Amino acid sequence: EETLVVVSDQTKNTQEEPVKRFYLSAPTPDGIFSSVSENEQIGKSIYVLSTTDGLNGTFVMLATHDALATAMISISQFVKTVCKVHGNINMIPKRVVTEEEGVATNMDGEWKMMKKAIVRFE
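Residues numbered from 1 in each chain as written. Predicted model: local features only at pLDDT ≥ 70, side-chain atom pairs only at ≥ 80, totals over all residues. Heavy atoms only, no water.

*Asks:* Describe unusual backbone geometry, listing the residues and the values that go with them.
*Replies:* The phi dihedral of D108 falls on the positive side, at around 55 degrees, and the residue is not glycine. Looking at the element boundaries, D108 is found in the loop between β8 (102-107) and β9 (110-115). (Helix = DSSP H or I, 4+ residues; strand = E, 2+ residues; numbered from the N terminus.)

In structure tokens:
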């Protein structure tokens, strides 16, 4: 019985941790998101990061038309610095699918990519 109580306590605790979302604009060449906002900025925001502790987070590419249009301005600069790209990037994609979330760590208020996301253009 005690084991069951412990398990339900753990479940309860994880549900109580609020997930914070931050919108990230284009990363630097070394994979640092220095422009972080709590609100989506049309034409600037390309990624959205989720974190429960403010130190470690996961990020995905925003699946909006605006984010895709911004990303397409420079795939090598805006996308390939923090993502592995699957699919054909020589066409104009209709949408982007994040196949695997990227991982980032907060360092002095900036988020640094630790593991690339995997995205596919369709």
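*Asks:* With reference to specific residues and values, describe the sheet that holds strand β4 (residues 47-51).
*Replies:* Spatial strand order, β2-β9-β8-β5-β4-β1-β3: seven strands in an open sheet with antiparallel pairing. Across the chains shown, the open sheet's two edge strands, defined by having one partner strand only, are β2 (32-33) and β3 (36-37). In the sheet, strand β5 (residues 56-61) pairs with β8 via four bridges, with the strands oriented antiparallel. Bridging across to β8, G57 finds its partner in A104. (Pairing = 2+ DSSP bridges.)

*Asks:* Could you give me a rundown of the packing of aromatic side chains, with the residues and numbers involved?
*Replies:* Tallied over the full model, the rule gives four aromatic pairs. The interplanar angle of 35 degrees and the centroid separation of 6.4 Å between the aromatic rings of F22 and W111 together place this pair among those described as tilted. One end of the pair, F22, is in strand β1 (residues 20-24); the other, W111, is in strand β9, and 89 residues separate them in sequence. Neither residue differs from the other here; F22 and W111 are each classed as buried. Look at Y47 and F59: their rings are 5.8 Å apart centre to centre, the planes differ by 90 degrees, and that puts the pair in the edge-to-face class. Residue Y47 is located in strand β4, and its partner F59 is located in strand β5; the two are separated by twelve residues in the primary sequence. Overall, the relative accessible area of 0% leaves F59 in the buried class. Among the aromatic residues, ring-to-ring pairing joins F33, Y47 and F59 into one connected group. (Phe/Tyr/Trp six-rings, centres within 6.5 Å; stacked < 30°, edge-to-face > 60°. Buried < 20%, exposed > 50% of the residue type's maximum accessible area, 1.4 Å probe, protein only.)

*Asks:* Can you lay out the sheet that holds strand β7 (residues 96-100) for me, pointing to particular residues and giving the numbers?
*Replies:* The mixed open sheet is built from three strands, whose spatial order is β6-β10-β7. Edge positions in the open sheet fall to β6 (83-86) and β7, since each of these has one partner strand only. If you compare each strand with its neighbour and ignore which way they point, the axes differ by 30 degrees on average. By the bridge criterion, four bridges tie β7 to strand β10 (residues 117-121) in an arrangement that is antiparallel. Within β10, the position partnered with V97 by the bridge is R120. (Axes fitted to C-alpha atoms, helices over the stretch in contact; angles between N-to-C directions.)

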